[in-house]
Amino acid sequence: MKYHIDSIRTLSIDCSGDFAYAVTRYDATNNGQTAFGVNIVVLKKIGGKWLIVAHEAAVPDPNMSIQSLYTLKSH
């Protein structure tokens, strides 16, 4: 499929007790087309090691447009 992650940028991280999370944005090349999305990773400290307990990748729907903040404020 020629899928390649070109970059990953951390948007947010936090930790509380034995739980932590990270939200990242990725930019990718997929069969010659560029794509982007976000990953959410939840970790838990188990037996002294941080282990991934949940992961979700989200890709925006290309058929949906994102309204600008100005448009949202004007309604």
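Preceding block: the structure.
Notes on the structure in this doc start here. (Residues numbered from 1 in each chain as written. Predicted model: local features only at pLDDT ≥ 70, side-chain atom pairs only at ≥ 80, totals over all residues. Heavy atoms only, no water.)

**Some points on the environment of T10**
- Structurally, the position occupied by T10 is in strand β1 (residues 3–16).
- For the pair T10 and Y26, spaced 16 residues apart in sequence, the C-alpha separation works out to 8.9 Å.
- In this structure T10 touches V23 and T24, once residues within four positions along its chain are discounted. (Helix = DSSP H or I, 4+ residues; strand = E, 2+ residues; numbered from the N terminus. Contact = heavy atoms within 4.5 Å.)

**A few points about the sheet that holds β1**
- Pairing is antiparallel across the open sheet formed by 4 strands, whose spatial order is β1-β2-β3-β4. At either margin of the open sheet sits one strand with a lone partner, and together these are β1 and β4 (49–58). For this sheet, the mean angle separating the axes of adjacent strands, direction not counted, is 25°.
- Here 12 bridges tie β1 to strand β2 (residues 19–30), and the two strands are oriented antiparallel to one another. (Pairing = 2+ DSSP bridges. Axes fitted to C-alpha atoms, helices over the stretch in contact; angles between N-to-C directions.)

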